[in-house]
Amino acid sequence: MLDYARVGPPSDRSSATINGKSRGEAVKRALLPLLSILLVIAIGTQCTQHPPKDAPYKNPKLPVEERVADLLGRMTPRERAEMLSGAGWMQSQPNARLGIPAIKMADGPMGVRNWAGSSAITNAAATAPVLATAFPAGVGMGASWDVELVRREGRVIAQEVKALGRDMILAPTVNINRQPLWGRNFEGYGEDPYLTARMGVAYIQGVQSENVIPSVKHFAANNQEFERHRIDEKIDARTLHEI
């Protein structure tokens with residue numbers, strides 16, 4: 001129920017109340033939800049506008065952290081979520097508004113693998129082959145203890161990645177060989193964590209020297225191929241730290 005106070009002379013008009021509260025305060029409270037909605041709409045409209053040509057994230061001379069922060073601030077929640085999705089097999093979602101191209105990936109690590117689809121597709125006789133160099137297995141490279149050799153390998157693989165029109169190589173494999181029955185022991189650099197670290201760093205440096213993106217994979221505890229997407233690895237903290 002409205003409880004209007006008696007309005008007297010001009011000096012007393014500011015004391016008019018609604019349910020014991022000043023009219024100004026009541027109006028502010030009534031408009032607050034509307035203003036909040038308008039603010040959200042304004043921010044959303046600003047986020048969906050095309051960025052200026054001199055936007056900080058486009059400037060390669062600025063620190064990476066500053067460029068990333070600027071780019072994220074311009075992205076809508078939907079655009080951020082779409083960056084985690086794919087536009088196809090081995091290809092990320094592009095963003096035309098912000099000038100973010102799709103990242104085209106290829107599997108590794110012992111050279112460029114066919115990216116047409118899953119193993120069932122790439123191994124099919126009807127699938128067009130991707131011709132690339134087959135490099136020595138990672139466990140063999142690890143046995144060489146030759147860090148510079150692995151760096152050169154990463155660089156040449158990156159050159160082939162670019163020649164085939166891709167941007168990223170899913171490599172190197174740095175999982176520690178913990179048991180002999182793992183079906184991909186040959187990909188890693190062996191059972192020694194220090195050696196694997198040095199070899200992995202060299203491979204990455206070689207790939208990055210050609211402006212290609214490496215993707216380190218199988219960090220730890222990937223020691224079974226059968227049902228690998230469903231198994232439960234139960235490993236205590238000390239064991240994980242030691243490997």
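The notes below deal with the structure included here. (Residues numbered from 1 in each chain as written. Predicted model: local features only at pLDDT ≥ 70, side-chain atom pairs only at ≥ 80, totals over all residues. Heavy atoms only, no water.)

The next thing to look at is the nonpolar core. If you look at the biggest cluster of nonpolar residues, it comprises 22 residues, and the most contacted ones within it are Val150, Ile169 and Tyr203. Ranked by the residues each element gives to this core, the list is headed by helix 7 (residues 193-208), at five residues. Residues in contact with Val150, not counting those within four places in the same chain, are Met141, Tyr189, Met199, Ala202 and Tyr203. Of all hydrophobic cores here, the second largest spans six residues; its members include Ala55, Leu71, Met75 and Ile100. (Core = buried A, V, L, I, M, F, W, Y, C linked by side-chain atoms within 4.5 Å. Buried < 20%, exposed > 50% of the residue type's maximum accessible area, 1.4 Å probe, protein only. Helix = DSSP H or I, 4+ residues; strand = E, 2+ residues; numbered from the N terminus. Contact = heavy atoms within 4.5 Å.)

On the surface, a nonpolar cluster with roughly 250 Å² of combined accessible area is contributed by Val64, Val68 and Leu72. Looking at the secondary structure, you find Val64 in helix 2 (residues 64-74). By relative accessible area, Val64 is classed as exposed at 55%. (Patch = residues over 30% accessible without salt bridge, like charges linked within 9 Å, V, L, I, M, F, W, Y side chains within 5 Å. Areas by Shrake-Rupley, 256 points an atom, 1.4 Å probe, with all protein chains shown as cover. Salt bridge = Lys/Arg side-chain N within 4 Å of Asp/Glu carboxyl O.)

This model, assessed by the stated rule, comprises twelve salt bridges. In this structure, Arg74 engages Asp70 in a salt bridge whose closest nitrogen and oxygen atoms are separated by 3.0 Å. Of this pair, Arg74 and Asp70 are both found in helix 2, four residues apart, which corresponds to roughly one turn of the helix. For Asp70, a relative accessible area of 17% gives the class buried. Of the charged contacts, one joins Glu210 and Arg155 as a salt bridge, the two residues approaching to 2.9 Å between their closest N and O atoms. Of the two residues, Glu210 sits in the loop between helix 7 and strand 7 (213-214) while Arg155 sits in helix 6 (residues 147-163), which places them 55 residues apart along the sequence. Each of Arg184, Glu187, Glu225 and Arg228 takes part in one network of salt bridges that share partners.

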